[in-house]
Every structure is written in C-alpha cells, then in structure tokens.
Amino acid sequence: MKKKVLALALASAMTVSLTACGGGGQTAETTQAPAAPAETTTAASAGGDAQTPAEPAGDGSSLVYWSMWEATEPQGQAIQAAVDQFTADTGIAVDLQFKGRTGIREGLQPALDAGTNIDMFDEDIDRVNSTWGQYLMDLEDLAKGADYEATANAGLMAACREVGGGSLKSIPYQPNVFAFFYNQAIFDEVGITAVPTTWAELDAACAKIKEAGYTPITCDDAYITCMFGYHMSRLVGEPKTEEIVKGGQWDDPSVIATAEAYADFASKGYFSETIASNVWPAGQNQELAMGTAAMYLNGSWLPNEVKDMAGDDFVWGCFSYPAVEGGTDGVDAANYGAQVLAINKDSKNAENAFKLICYITQGEFDKMLSEMSVGIPADSTNTEWPQLIACVKPVMDSMTTRYPWAAGAEANADMTPIIKENFLNLCGGSIDAQGFVDALKKAGN
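Residues numbered from 1 in each chain as written. Predicted model: local features only at pLDDT ≥ 70, side-chain atom pairs only at ≥ 80, totals over all residues. Heavy atoms only, no water.

Participant: So, the overall build of the protein: which residues are in play, and what are the values?
Facilitator: Helix and strand counts for the protein stand at 18 helices and nine strands. For the protein, buried positions account for 58% of its 445 residues. Restricting the contact set of the protein to residue pairs at least 6 apart, pairs at least 24 apart contribute 79%. If you sum the accessible surface of the protein, you get close to 16500 Å²; carbon and sulfur atoms cover 49% of it. (Helix = DSSP H or I, 4+ residues; strand = E, 2+ residues; numbered from the N terminus. Buried < 20%, exposed > 50% of the residue type's maximum accessible area, 1.4 Å probe, protein only. Contact = heavy atoms within 4.5 Å. Areas by Shrake-Rupley, 256 points an atom, 1.4 Å probe, with all protein chains shown as cover.)

Written as structure tokens, this is what we have:
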C-alpha cells in the first residue's frame, strides 16, 4: 500500500521557482549522517564536560535516558540544557548517558533484554520503531493528556504512527528530508531560473551546467543507493521497489529503465569524473563545497556539514527528486523523518519521561536545538528556520508520501553492497545499463 501520510503542518505548494537558502556563517557543528563513531559517556554538562549524574529525587522518580548523541555535539549540548532545566523545574534527576551512534545501536537492545533500567532513549525514526519496536510504550494517552499535538508537526506525527503500526510509539525531533541540494550561484550563472521537476528538466539543467564547465552532479559510496532507490520509486512506487529488491526481481522493466536513465546521464558527462571511486565525504567536501559540482542528492543536514568549507557566501538551493515520465510518484514523495524519542514499555516513570520529552521537543529547547545544530525545528510554533537551510522549508512542507531510507534500495542487506558497487560503476561509465542488471542477477543467483 502506498505510504501516504498527512500533509505536514503549515504545508505549502511546492514552488517551481528557485528557493535559495542564505549563506553560511553559522558556528555549530553536527554529525547527523553517516553515523559518527561510538563513544559511551556519562551525563555531561551543556559544555560537554563529563560530570557525575545527579542524585535521584527524594520521591524515587529519577529517569535514565540513553541518547544517540555525543556530549560535545550541539544536539547533545541542547538536550543537556533541556535536561538541566527540567531537573531544576521539577526536582527530578536525570541520568543522561550519551552513547554515540554505534554505542546505542550496538548496546541498547542487549541492555533492554538484560533488564537494564532505561526509561527513555532516542535514535532514527525507522530504527526505533522497526528494530526496537518490541520495547516501545504506546504514547497515545500520554500525548493526549499533554495536548502534545497542538503544536506538533502533523506530518511527522503521522509518520511516527505509520512506522509504529498505526499507534504513536515515539515523538519526533530534529526533522530531516532527503532531496537534491545545489549551488545557487552556478544555477544563476548558467541561467536556470526554475528548479527541475521532471527528469527531462533535470537533463536540460545538467546540459547547461556542463556546457559552463561545471560538474552537474556528484555523489559517493554513502549515498549512491539513494539515487537508484529514488528513481525506481518514482517509476513504480516505493513498496514495489522494496518488493523488487527483496525478491531479486531484476527482470522488472523498472530496473533496466532506471539503469538506462543513469547510463544516459553518464554518457553525457553529467556525473563527477571521480564518482565511481568517491568515498564519503569526498563528493560533498571536495566538489560541491568547493564550487566545482552543482548538485548532490543528500539530506537537510548537508549544508551544516560543509558550511566551513563552502564559506559564508555559498547560497544553497533545494528541490525534490524529479518526477519521471509515466511514473507512479511525484515530487511530493521523499525520505523524510526525524530522530525520535521513545519510552521503554517497562519504565516505571513514563509520565515523567514524557514530561522530559516535551521539554526537549517543544518551545525554547526545540528552538535551541534547531539553532545550535542548524536543523529543522519540530515545534510548529518555532516558525523561524536557520538561514542556512531556509530553502528546505518549501520542499519539506510539500511532502505527502514518505519513503524509508534510500527509498527501498537497501531493503535487502545482502544486495546493498552489490547495488552500491555497480551503480557507482554505471554512473562512472565503466558498465552499461545491461551490465548493471546482469551484475545484480549474477549476485542474486
């Protein structure tokens, strides 16, 4: 069934005119994707220094919170500030443990299985609700009691219910969306006055950019599967793409059609000359940020990741992956989501845990998190986005269909490295469309 969710709060129609973000000049740093190295820490101050966890409150209502962030990251610092204020206001102590990405991904489930006292935790929306779904408490009553959705992002709340099997089992924060990011100055120089909304329009834009001496599109090993998945899902929808990838249905016409579209772009010289060997973050750091490449399919965390290299005068643009002729999905479909906070179903302090979730995801501290990490606010009343990612708002607001990560291309873990290697080679021009399909067939036998 097609993954439709409610339109995002404050939704606006997707504009075809160029929507440019402001320049750089921010100072916070973040590491949203790919995953940062693991480091398990104890609770830390807002400045990131380790400290002894606060003593439990006298009523025994202290909370244990495992976080995916590092204490030194802006996300960790903003969350620590929210926790500190929560404790000051309520008298409830919080043992906030910053685990890092790998730390929480490898350590949370064994800890929960062992009965470790963990009241709440955070991570990516899909990982929390899918991988760890069996450990989650239903939050519908807590959210209703707090009138939480009065200021929540409706689309993201709907997405949480979708991945939670129809019930609210997590609360979103620090939203993100995956789309094409581009250098506005290059678009202006070559005379592109409207963002591409169809594959033919993207082709025409790439031709102008190449003629002007720039690389139209760059990518790398971390994100190349997303290009395959998005094109397939534009053609046949994401559920069908997952079915093809999981079942090894490489003779499906959409597979060769996707390969031919990218082989055509490769033959026209639209991709980076080093795309086949680009290891993240080479494409974004050495090409896009340096002004030699114009476009890169990536997440809304990208402008922040490269802001120091791109410089204060770099102006960002953003547009959704274009529609394809005769396809199923349009520009209102993308991988969008958020990190989420969840409560352990065995927690004895669920009400206090939800109160802390409200501190983190609403009002002052949601705004602080957005500003410090140059991220999208989760509270719909925090309408002012960081200048660096202002161009993302019309794209995010236009979304009605949610893709999972890589739009289904990574639905079969055994095939992910095969798709990655051969799609890089396809874009690099060392194999043709049929060679790409044959490689997938061979690997699946």
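Participant: I'd like a rundown of the side chain of Asn 298, residues and numbers included.
Facilitator: Within the secondary structure layout, Asn 298 lies in strand S6 (residues 293–299). What makes Asn 298 buried here is its relative accessible area of 0%. Within the local environment of Asn 298, its side chain forms a polar contact with the side chain of Tyr 296, the two groups lying 3.2 Å apart. In this view, Asn 298 contacts Val 177, Phe 178, Ala 179, Phe 181, Tyr 223 and Gln 284; residues no more than four positions away in its chain are not counted. (Polar contact = N/O pair within 3.5 Å; in protein donor to acceptor, adjacent residues only side chain to side chain.)

Participant: How would you explain the confidence of the model for the protein if you had to name every residue and give the values?
Facilitator: Of all residues in the protein, 86% have pLDDT values of 70 or greater, and the mean over the chain is 88. This stretch, residues 1–19, has a pLDDT under 50; its non-local contacts, to residues over four places away or in other chains, come to 74 contacts. Here residues 23–60 is a poorly scored stretch, pLDDT under 50, and it has 108 contacts once near neighbours within four places are set aside; other chains count. (pLDDT = per-residue confidence, 0-100.)

Participant: Tell me about the packing of aromatic side chains, and please be specific about residues and values.
Facilitator: Geometrically, a pair of aromatic rings is defined through the distance of the ring centres and the angle of the planes. As enumerated under the stated definition, the model contains 27 aromatic pairs in all. Ring plane angle 45° and centroid distance 6.0 Å describe the contact between Phe 178 and Tyr 230, whose orientation is recorded as tilted. In this pair, Phe 178 sits in strand S4 (residues 171–183) while Tyr 230 sits in helix H8 (residues 224–236), placing the two residues 52 residues apart along the sequence. Classification of Phe 178 by relative accessible area gives buried; the value is 1%. Between the aromatic rings of Phe 423 and Phe 436, the centroid separation amounts to 5.4 Å while the plane-to-plane angle is 70°, which identifies the pairing as edge-to-face. Of this pair, Phe 423 sits in helix H17 (residues 416–428) while Phe 436 sits in helix H18 (residues 433–444), and the two are 13 residues apart along the sequence. Of the residues examined, Phe 423 reaches a relative accessible area of 0% and is grouped as buried. On the accessibility criterion, Phe 436 (0% relative accessible area) is buried. Lying across the ring of Trp 66, Lys 99 places its NZ or CZ 4.0 Å from the centre. (Phe/Tyr/Trp six-rings, centres within 6.5 Å; stacked < 30°, edge-to-face > 60°. Lys NZ or Arg CZ within 6 Å of the ring centre and 35° of its normal.)

Participant: Tell me what's going on with the pairing of S6, and back it up with residues and numbers.
Facilitator: Burial runs high along S6: seven of the seven residues are buried. Where S4 and S6 come together, five bridges link them in antiparallel fashion. Bridge pairing in S6 links Phe 180 to Leu 297. Across two bridges, the pairing between strand S5 (residues 215–217) and S6 is parallel. By the bridge assignment for S6, Ile 217 is matched with Met 295. (Pairing = 2+ DSSP bridges.)

Participant: Account for the pairing of S4, naming residues and giving values.
Facilitator: Put simply, side chains in a regular strand alternate between the two faces of the sheet. Burial runs high along S4: 13 of the 13 residues are buried. One ladder, built from six bridges, connects S4 with strand S8 (residues 333–343); its direction is antiparallel. Within S8, the residue paired with Pro 172 across the bridge is Val 340. As paired elements, S4 and strand S7 (residues 316–319) share four bridges and run antiparallel to each other. When the sheet's bridge partners are listed, Phe 180 is paired in S7 with Phe 319.

Participant: So, the packing of H8 against helix H10 (residues 253–267): which residues are in play, and what are the values?
Facilitator: Close contact between H8 and H10 brings their axes to 9 Å; oriented N to C, the two are set at 125°. By the criterion of interaxial angle, the relationship of H8 to H10 is oblique. Along this stretch, H8 crosses H10, giving a crossing that reads as right-handed. Contacts between H8 and H10 involve Met 227, Phe 228, His 231, Met 232, Leu 235 and Val 236 from the former and Ser 254, Val 255, Ala 257, Thr 258, Ala 261 and Tyr 262 from the latter. Here the residues of the contact of H8 with H10 are counted per class, giving nine nonpolar, three polar and no charged. (Axes fitted to C-alpha atoms, helices over the stretch in contact; angles between N-to-C directions. Parallel < 35°, antiparallel > 145°, perpendicular 65-115°, else oblique. Left-handed = near helix turned anticlockwise from the far one by under 90°. Nonpolar A, V, L, I, M, F, W, Y, C, P; charged D, E, K, R; others polar.)

Participant: Report on the packing of helix H14 (residues 350–361) against helix H15 (residues 363–373), specifying residues and quantitative values.
Facilitator: At their nearest, the axes of H14 and H15 sit 5 Å apart, and the two run at 50° to each other. With respect to each other, H14 and H15 are oriented oblique. Contacts between H14 and H15 involve Tyr 359, Ile 360 and Thr 361 from the former and Gly 363, Phe 365 and Asp 366 from the latter.

Participant: Report on the side chain of Asn 344, specifying residues and quantitative values.
Facilitator: Along the polypeptide, Asn 344 turns up in the loop between S8 and H14. Overall, Asn 344 belongs to the buried group, its relative accessible area being 7%. There is a polar contact of 2.9 Å between the side chain of Asn 344 and the backbone oxygen of Ile 118.

Participant: An account of H14 is requested, with residue identities and associated values reported.
Facilitator: The end-to-end C-alpha distance of H14, which contains 12 residues, comes to 16 Å, matching closely the 16 Å that a straight helix rising 1.5 Å per residue would cover. Of all the 12 residues making up H14, nine are buried; the element is thus mostly covered by neighbouring parts of the structure. Gly 363 lies just past H14 and shows a positive phi near 60°. (Expected span 1.5 Å × (residues − 1).)

Participant: I'd like a description of the environment of Val 437, backed by residues and values.
Facilitator: Within the secondary structure, Val 437 sits in helix H18. Take Val 437: its relative accessible area is 3%, and that puts it in the buried class. Distance in space between the C-alpha atoms of Val 437 and Trp 250 is 6.5 Å, their sequence separation being 187 residues. If we ignore the near neighbours within four places in the chain, the residues touching Val 437 are Trp 250, Val 255 and Ile 256.

Participant: Which residues make up helix H9 (residues 238–247), and what values go with them?
Facilitator: If you check which residues of H9 are buried, you get Glu 238, Thr 241, Glu 242, Ile 244 and Val 245. Within H9, the buried residues cover an arc of 165° as seen down the axis, which keeps them to one side. Among the exposed residues of H9, those oriented more than 90 degrees off its buried face are Lys 246 and Gly 247. Buried residues in H9 make contact with H8, H10, strand S9 (401–403) and H17. Phi for Gly 248, located one or two positions after H9, is positive at around 65°. (Arc of directions from axis to C-beta.)

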